Amino acid sequence: IVGQHIRAQVALYACHSFRAGVWQYINEYESADESIRGQVALYAAQGFNGNFSQHIKNYRIKNQEILVKIAKVSAQINGLETSRYIKEYGITELEDLVDIAKLAAQNDGTGTSQYIKEYGITDQKALIEVAKLAAQDSRWGGISQHIKKYEITDQKVLIEVAKLAAQNDGTGTSQYIK
């Protein structure tokens, strides 16, 4: 198909009908228009409950605003995989990474806790906020199993997080209480 704009439209149509598989072939469209690749990636992230984040680099998006928007959508759909592959997005702004981690924690507190270090967040206040959100959506003792990864030193905060986790998963919290 001749014409970048036409190929971009076809990519969008393809994404609407089969979001999950478009990432594999996005480079075939040879679209130099980053905004179109961003739209396709956003559609794919919205409809792909699998491991979308692992393939974000295939879209060759450099625009931080577009990447943050896609990561936020992905975090709300699959917090585990977004957290696991957050570095693939190349997001540089710490505030954006904290926002994405919070969204991921609300979707999958266990997965976010498992991969919290991938965000590169060092601010204690931000880590505490993410931990509290993760505790409210933690399954199988996830936040309790991975709480040390947050590097929270304030005992009062740790108790608060443990209480939140216990309300959600008493068995898992009890298993990892030490």
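Let me begin by describing the structure that accompanies this report.

Some remarks on the environment of Asn51
- Here Asn51 is to be found in the loop between helix H3 (34–47) and helix H4 (64–77).
- As for Asn51 and Glu81, which are separated by 30 residues in sequence, their C-alpha atoms are 5.9 Å apart.
- Setting aside anything within four residues of it in sequence, one finds Asn51 in contact with Glu81 and Tyr85.

Regarding the pattern of salt bridges
- With the rule as written, the count across this model stands at six salt bridges.
- For the salt bridge of Glu118 with Lys87, the shortest nitrogen-to-oxygen distance reads 3.7 Å. On the criterion of sequence distance, the pair formed by Glu118 in the loop between helix H8 (109–114) and helix H9 (124–136) and Lys87 in helix H6 (residues 86–89) is long-range, its members being 31 residues apart.
- Among the salt bridges present, the one from Lys102 reaches Glu129, with a minimum N-O distance of 2.4 Å. Placement of Lys102 in helix H7 (residues 94–107) and of Glu129 in helix H9 is noted, with a sequence separation of 27 residues between them.
- The partly exposed category is assigned to Glu129, whose relative accessible area is 29%.

Describing the nonpolar core
- Counting residues in each nonpolar core, the largest one holds 42 residues, and the members touching the most others are Phe52, Ile70, Tyr89, Tyr119, Ile143 and Tyr150.
- Considering every element that reaches this core, the biggest residue donor is H9, with seven residues.
- Aside from chain neighbours lying at most four places away, what touches Phe52 is Ala41, Ala44, Ala45, Tyr59, Ile70, Ser74 and Tyr89.

Considering H4
- Taking 1.5 Å per residue as the helical rise, H4 with its 14 residues ought to reach 20 Å, and the 20 Å between its terminal C-alpha atoms agrees with that figure.
- Turning to H4, its buried residues are Leu67, Val68, Ile70, Ala71, Val73, Ser74 and Ala75.
- Two or three places before Glu65, at the opening of H4, Asn63 has a side-chain oxygen 2.9 Å from that residue's backbone nitrogen.

Regarding H7
- Taking 1.5 Å as the rise per residue, H7 with 14 residues should run 20 Å; its terminal C-alpha atoms sit 20 Å apart, in good agreement.
- Buried residues of H7: Asp96, Leu97, Val98, Ile100, Ala101, Ala104 and Ala105, and no others.

Side note on the environment of Ser113
- Take Ser113: it is sitting in helix H8.
- Separated by 34 residues in sequence, Ser113 and Gly79 have C-alpha atoms that sit 9.9 Å apart.
- A polar atom in the side chain of Ser113 sits 2.7 Å from the backbone oxygen of Gly109.

Procedures and definitions
Residues numbered from 1 in each chain as written. Predicted model: local features only at pLDDT ≥ 70, side-chain atom pairs only at ≥ 80, totals over all residues. Heavy atoms only, no water. Helix = DSSP H or I, 4+ residues; strand = E, 2+ residues; numbered from the N terminus. Contact = heavy atoms within 4.5 Å. Salt bridge = Lys/Arg side-chain N within 4 Å of Asp/Glu carboxyl O. Buried < 20%, exposed > 50% of the residue type's maximum accessible area, 1.4 Å probe, protein only. Core = buried A, V, L, I, M, F, W, Y, C linked by side-chain atoms within 4.5 Å. Expected span 1.5 Å × (residues − 1). Polar contact = N/O pair within 3.5 Å; in protein donor to acceptor, adjacent residues only side chain to side chain.

Take it as geometry only, folks, not as evidence of what the structure does.
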